[in-house]
Amino acid sequence: MTDRTALVTGCSSGIGEATAARLVASGWTVYATARRPESLANLAAQGCRTLALDVTDEQSMTAAVDAVLAGAGRIDALVNNAGYSQSGATETLDLDDVRRQFETNVFGLLRMCQLVLPSMRERGAGRIVNISSMGGRLVFPGGGAYHATKYAVEALSDAMRFEVAGFGVEVVIVEPGLITTNFENTAVASMDSNDDGSYADFNAAVAKATKEAYAGPMRRLGGGPDSVAKVIEKALTARRPKIRYTVTPSASLSIRTRNLVGARAWDVMLKSQFPQPSTPMPRND
């Protein structure tokens, strides 16, 4: 199909930027979006059309979708990529921070789907790619809020896939593993404000483990943003796309291991990587 139009969220860097660049190079009409449109100058130079889009703002989302429909007349594909991670022991999380994460990672994603689906249903065709994570299939300590958002993305996508298939619309989930972007910096930085005394050592260990995963030997089981962009393009162009695409060896290995060993054995494995918070033993002196 020629004149294919894609709307991609979260394109200021990382996976979103790589996806928009890859699709426009393949002949798509690409609307690359971000909260700060000035961050999209590089994509504009490559031929993308750029728009301001904040997935936590109703007016911004509606205006962006309306602009694409007015300019291109159709939306063949929506790539819901906007999202971020925060870390910290669940007891220490600020609920306003958790709400903001759900607004971006879940509610914004759902609302974008709701906004593009009417025109897709009317045309009887369309494809939505929701960027989840291996973190939507397993949980690491200290990542409860982020994992919760990605589990929600998985559930919404599974329900939506069934509900819209009869209208000619397909929903695909992409589950990246360790991707070498600045993603981890946001997660680590978020722990500075929720370091309660009872969880200080645990939070420090989670921050250290996160940094090492992206900078140490585990990096070899990851990939760059373009490795995800390549899979997203495949998910958009395959005649019959998979329901889920797992990206990088780290994701495949982790998900397979978690499914194989079960919950209790998984907890035991995690104890070798993270200190388990506990009440200090009383001293006798």
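Reading guide: rules and limits
For every chain, the first residue of the written sequence is number 1, and numbering continues from 1 onward in sequence order. Reporting in this predicted model follows two pLDDT cut-offs: at least 70 for local features of residues, and 80 or more for side-chain atom pairs to be given and counted; totals over whole chains, interfaces and linings ignore these cut-offs and use all residues. Side-chain calculation: all heavy atoms of the structure are included, whereas hydrogens and water are not. The aromatic pairing rule takes the rings of Phe, Tyr and Trp, using the six-membered ring of Trp, and pairs them if the centres are within 6.5 Å, calling planes under 30 degrees apart stacked, those over 60 edge-to-face and the rest tilted. Note on classification: 1.4 Å probe, protein chains only; a residue is buried when its accessible area is under 20% of the maximum for its type, exposed when over 50%, partly exposed between these limits. Strands here are runs of E lasting at least two residues and helices are runs of H or I lasting at least four, both read from the DSSP assignment and numbered beginning at the N terminus. What makes a salt bridge here is a side-chain nitrogen of Lys or Arg within 4 Å of a carboxyl oxygen of Asp or Glu, nothing more. Two strands pair if DSSP finds at least two bridges between them. Throughout, right-handed denotes a crossover for which the path from the first strand over the helix to the second runs clockwise when the strands point away from the viewer. Like charges are joined within 9 Å and nonpolar side chains (Val, Leu, Ile, Met, Phe, Trp, Tyr) within 5 Å, but only among residues with over 30% relative accessible area and no salt bridge; these make up the patches. Computed with the Shrake-Rupley method and a 1.4 Å probe, the accessible areas treat only the protein chains shown as cover for residues. Only the stretch in contact is used when fitting a helix axis, every axis being a line fitted to C-alpha atoms; angles between N-to-C directions are given from 0 to 180 degrees. We call two residues in contact when some of their heavy atoms are within 4.5 Å.

Asker: Report on the packing of aromatic side chains, specifying residues and quantitative values.
Answerer: Enumeration according to the criterion identifies 2 aromatic pairs in this entry. With centroids separated by 6.2 Å and ring planes inclined at 40°, the aromatic side chains of Phe102 and Phe107 adopt a geometry described as tilted. Phe107 sits in the partly exposed class, given a relative accessible area of 45%. Note on Phe140 and Trp266: the rings are 5.9 Å apart at their centroids and 40° apart in plane angle, and the pair reads as tilted. Taken together, the residues Phe140 in the loop between β5 (126-131) and α5 (144-164) and Trp266 in helix α9 (residues 249-271) connect sequence positions 126 residues apart.

Asker: Help me get a handle on the side chain of Asn80, residues and values and all.
Answerer: Looking at where Asn80 falls in the secondary structure, it is placed in strand β4 (residues 77-80). Exposure remark for Asn80: the relative accessible area of 3% places this residue in the buried category.

Asker: Got a sec to walk through the pattern of salt bridges? Specific residues and values, please.
Answerer: This model, assessed by the stated rule, comprises 14 salt bridges. A salt bridge links Glu170 to Arg127; its shortest N-O distance comes to 2.6 Å. Of this pair, Glu170 sits in strand β6 (residues 169-176) while Arg127 sits in strand β5, and the two are 43 residues apart along the sequence. The exposure class assigned to Glu170 is partly exposed, which follows from its relative accessible area of 29%. The network of salt bridges with shared partners includes Arg137, Glu154, Asp158, Arg161, Glu175 and Arg244.

Asker: Which residues make up the pairing of β4, and what values do they have?
Answerer: By the alternation rule, side chains of β4 split into Ala77 and Val79 and Leu78 and Asn80, which are all buried. Strand direction decides the pairing type here: strand β1 (residues 5-8) and β4, joined by 3 bridges, are parallel. Bridging from a neighbouring strand, Ala6 pairs with Ala77 of β4. As defined by bridge partners, β4 adjoins β5 across 4 bridges and the pair is classed as parallel. Its bridge partner being in β5, Val79 is matched across the sheet by Val129. Crossover β4 to β5 through helix α4 (residues 95-123) is right-handed.

Asker: Let's hear about a nonpolar patch on the surface: which residues, and what values?
Answerer: A cluster of nonpolar side chains, namely Leu260, Val261 and Met269, defines an oily patch on the protein surface of about 280 Å² accessible area. With respect to the secondary-structure elements, Met269 resides in helix α9.

Asker: Report on the sheet that holds β6, specifying residues and quantitative values.
Answerer: In spatial order, the strands read β3-β2-β1-β4-β5-β6-β7; together these 7 strands make up an open sheet with parallel pairing. Unpaired on one side and paired on the other, β3 (49-52) and β7 (244-247) mark the two borders of the sheet. Between one strand axis and the next, the sheet turns by 20° as a mean value, whatever way the strands run. Relative to β6, β5 runs parallel, the two sharing 6 bridges. Within β6, the residue paired with Arg127 across the bridge is Glu170. Across the sheet, helix α8 (residues 225-237) touches β4, β5, β6 and β7, and the angle it forms with β5 is around 150°.

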